[in-house]
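Analysis of the macromolecular model
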Amino acid sequence: MASQETAPLAPARAADWMFLAASDRDAGGPEILLAGAGAAAVAVAWTSAADPGAAGWRPCIALGNGRWRLEGAGPEREPDGVGIRYRLAADGPWSPASTDRKTPAGPSPAPVPLLPVLVAAPLLAGAGRIGRPVAVVPGLWSGGVQDIALQWQRDGAAIPGATGTCYLPGPEDDRTDLTCLLRASNAAGPRLAETAALFITHAPPQVRGELFDEVFDEGTGAQAVASAQAFAGADLRFAVAGAGAEIDPATGLVQVPTDRLISGERVVVTASNSGGAATRDFLVTVEPAGHGGQIVAQAAPPPRPEPAGRRIPVMPPAMLEDALEKPLADFGEGFGGARANNVFFGSTSSILALASWAGNPRTDRRVLAQARFSLEGEHAPTCEGGYPAQHNLPVLAMFAILRLTPRLWSTLPETEQARIDLVMKAGLVATAFTSSDTNPYLLAGQKPEKNLRGRQSWRSGAPNFRCAAPATVQTARVYFGGAAAVDAILNGYDHAAFAEELRAAGLSNIAETFGDQPPPAPTGRQIEEAVRNWTNHGNSVADHQAMLVEEGRFTFNKTVNTGLNDGAGVKGRGRMIAGQDGLPNRGRKGMANEFDTVDGKGKRSAASYVTNGYRVIMNWLSVEMANGTLDRSAPEVRDLAARIDIGVTDLIYKSENGYLSYSKGGPPASNNEDWTARRQAVKWGWSYTFGVWTHVLRPYLADG
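Residues numbered from 1 in each chain as written. Predicted model: local features only at pLDDT ≥ 70, side-chain atom pairs only at ≥ 80, totals over all residues. Heavy atoms only, no water.

Our next topic: the overall build of the protein chain. In terms of helices and strands, the protein chain carries 18 helices and 32 strands. When the 704 residues of the protein chain are sorted by exposure, 50% land in the buried category. Taking all contacts inside the protein chain whose residues are at least 6 apart in sequence as the whole, residues at least 24 apart take part in 71%. For the protein chain, the accessible area works out to roughly 29600 Å², and carbon and sulfur atoms hold 52% of it. (Helix = DSSP H or I, 4+ residues; strand = E, 2+ residues; numbered from the N terminus. Buried < 20%, exposed > 50% of the residue type's maximum accessible area, 1.4 Å probe, protein only. Contact = heavy atoms within 4.5 Å. Areas by Shrake-Rupley, 256 points an atom, 1.4 Å probe, with all protein chains shown as cover.)

As structure tokens, then:
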């Protein structure tokens, strides 16, 4: 601006000043900004074009940096606008008023809200597998977000009802892109954002068992080999390569041609789904007719050779094939309050081990596979005693028989043999505790007694509870080489040290059992005291034959009949469905205890309980057979064999004609089956569970 000394002051120009909006003119008026510098005073008046020099000039307050604020408020009405004048010195002249006008800003409007701003993108957290949840992480937003709405999408289309923070993919999501659309809202409105896509698949297939080598006769047509049981997974499709084999892609049933001779050609089966693939292979041999295909157990001398002239019975090929098709025994899943998943597949592990012990190479690979699988921490038996003992027993019996089979035992490295030692010791200690005559619960008169995890034990209950414990102790006797070895283990047992050994070996199922269990489970000190100088119903470990006879007689101690109340049953159950007139051995002693007993709700007659009790005795006899120390000529042993034969014959006959089980007051309680051989064939492994008695144990005992 011009100096006062050199020239008169020019009027203020609109270009040189401007109004800045104030939040409230009545609280001080608008601020005025002069473009030039050096003004010593500024005044504002409400003027009109007709009267630019109107009185009523109001001084402005200096704010610094060329900013001034109007002193006081303006009139209610603004005639034309605001004029402005200034002076350069406090006592100098005023400039002429501006000839143009500007209307000052009124009260500032409320700030215009802004839409939410995405600072960090949302994302999906999850494996992208069917059956496993996926969560949305909403990202970071600015702008005062008040709400974030979600909508899950499959291949870009909204999934009805899927508006939560998590989504569980199902089969309908297989091979699709999963996204989540987010709608973040504030006062200004919504803003959308979408996650990156997550491709959804099934979990990849897993190998769960072996496929065993096959030998067929030439010219016998296509031979079927089931392969699906070797894999676990959802929505599996199967393919095969090698030996000219074909496969049903849906069922995994392999067809191997026998129109040419083959010597150990590898066949590879692939199971796949959207998540990946897994393979298993086996060898196929096709031999000239008459030279192969017959699977017969060849006699091989056990560690304690039988007297000359005694034969080892042969297991029929069909019986072995049925057992070989079953999955490996796995204690990684729960059943009946305990990890006892071997319950429904019978005793394949011990039966196949017995076939290998007898010299049949057909079962060797499967036995070794089961042995190694049972050494994996979460798949190992829990060895807690009580209810699960009956289901642990077949695997422990397999280990004992395996040790009596040098050609297989020698193939196991010392590290695996040492882990088997730990499993067998755990099974021994647990069942010695629950069956001990000095069990603390027994001494205190507490029923039912407790096992190592505090679950019910029933030391003197049904045969499947009672007999499994001494059967396991005697199985350990065979494994460790005699009663003296078992007594030494029990009398020197240190619970804390053994628990640490199990943890160090990675046997997680068993380590959990022997870890710190809360009441009512026993303490380590109680376990140590109960197993020291062990006896069961007065019998010591050395009294193995007397113990077997006593428990076998307890299992098969009733008179053969057609059902409860002379065949009338209770509430229409606990009786035969048909064939009553042809029931063999009627009136003779030897029927299973569980066909005519009681429980907490009254009378009981249940075929499943009968079968479980029989299986304990069958496993026990299999171990004693392999060990060769059972005196089959002893009158008490011959009497026991006769009783068992009556009992098994009775169970088979009732199963073939149908039996309506009655237990725990009747349906809907458990063990009230409509029991038939056809219905139980797969579930209970009918052919080998009873075939081992008919074709192996009965002939063996009769040869005494």
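A few words on helix α1 (residues 317–324). Among the residues making up α1, those that are buried are M319, L320, D322, A323 and L324. On its buried side, α1 packs onto α2 (348–357), α3 (364–373) and α18 (686–702).

The subject of this paragraph is the pairing of strand β24 (residues 262–273). Bridge analysis of strand β21 (residues 237–241) against β24 gives 5 bridges, and the strand direction is antiparallel. The residue of β24 that forms the bridge with R237 is S272. Strand direction decides the pairing type here: β24 and strand β25 (residues 276–287), joined by 10 bridges, are antiparallel. Paired with E265 across the bridge in β25 is V284. Linking two consecutive strands that pair antiparallel, namely β24 and β25, is a turn of 2 residues. (Pairing = 2+ DSSP bridges.)

So, on to the environment of T405. Structurally, T405 is set in the loop between α4 (389–403) and α5 (406–409). Judged by its relative accessible area of 4%, T405 is buried. Dropping the residues within four chain positions of it, T405 is found in contact with S356 and W357.

As a further point, take the packing of helix α6 (residues 414–435) against helix α13 (residues 524–531). The geometry of α6 relative to α13 is characterised by a closest axis approach of 9 Å and an angle of 80° between their N-to-C directions. The pairing of α6 with α13 is recorded here as roughly perpendicular in orientation. Residues V429, A432 and F433 of α6 form the contact with α13, whose participating residues are Q526, I527, A530 and V531. Each residue belonging to the contact of α6 with α13 can be placed in one class, and the counts come to 6 nonpolar, 1 polar and no charged. (Axes fitted to C-alpha atoms, helices over the stretch in contact; angles between N-to-C directions. Parallel < 35°, antiparallel > 145°, perpendicular 65-115°, else oblique. Nonpolar A, V, L, I, M, F, W, Y, C, P; charged D, E, K, R; others polar.)

General note: in soluble globular proteins, nonpolar side chains tend to be found buried as a group. L354, F399, I510, F514 and L621 are the most contacted members of the largest nonpolar core, which has 117 residues in total. Here this core takes 11 residues from helix α15 (residues 607–627), the largest share from any one element. In this structure F399 touches A371, S374, L375, I420, V423, M424 and Y479, once residues within four positions along its chain are discounted. By size, the runner-up hydrophobic cluster in this structure holds 20 residues, among which are L211, A243, I247 and I262. (Core = buried A, V, L, I, M, F, W, Y, C linked by side-chain atoms within 4.5 Å.)

With that settled, the discussion passes to the pattern of salt bridges. Under the defined criterion, the tally for this structure stands at 26 salt bridges. A salt bridge links R260 to E265; its shortest N-O distance comes to 3.4 Å. Here E265 falls in the partly exposed class, since its relative accessible area comes to 29%. The partner of E384 in a salt bridge is R455, and the shortest N-O contact between them spans 2.6 Å. On the criterion of sequence distance, the pair formed by E384 in the loop between α3 and α4 and R455 in the loop between α7 (440–443) and α8 (463–466) is long-range, its members being 71 residues apart. Linked by salt bridges that have partners in common, E384, R453, R455 and E512 make up one network. (Salt bridge = Lys/Arg side-chain N within 4 Å of Asp/Glu carboxyl O.)

This brings us to the environment of R477. As for its placement among the helices and strands, R477 is situated in helix α9 (residues 468–480). Look at R477 and you get buried, because its relative accessible area is 5%. A sequence separation of 49 residues divides R477 from L428, and the C-alpha atoms of the two residues are 8.8 Å apart. With residues up to four places along the chain from it excluded, the contact list for R477 reads G482, A483, V486, V541, H544, E624, N627 and T629. A distance of 3.4 Å separates a polar atom in the side chain of R477 from a polar atom in the side chain of T629. (Polar contact = N/O pair within 3.5 Å; in protein donor to acceptor, adjacent residues only side chain to side chain.)

Next up on the list: the packing of aromatic side chains. Scanning all chains against the criterion turns up 10 aromatic pairs. With a centroid separation of 5.9 Å and 50° between ring planes, the pair formed by Y387 and F465 is classed as tilted. Of this pair, Y387 sits in the loop between α3 and α4 while F465 sits in helix α8, and the two are 78 residues apart along the sequence. Given a relative accessible area of 17%, Y387 falls into the buried group. Seen in terms of ring centroids, W409 and Y479 are 6.0 Å apart; in terms of plane orientation they differ by 80°. Their pairing is edge-to-face. Residue W409 is found in helix α5, and its partner Y479 is found in helix α9; the two are separated by 70 residues along the sequence. Given the relative accessible area of 11%, W409 is considered buried. A relative accessible area of 2% means that Y479 is categorised as buried. Aromatic rings pair up to connect W409, Y479 and F480 into one cluster. Its end group placed over the ring of Y479, R403 keeps NZ or CZ at 4.5 Å from the ring centre. (Phe/Tyr/Trp six-rings, centres within 6.5 Å; stacked < 30°, edge-to-face > 60°. Lys NZ or Arg CZ within 6 Å of the ring centre and 35° of its normal.)

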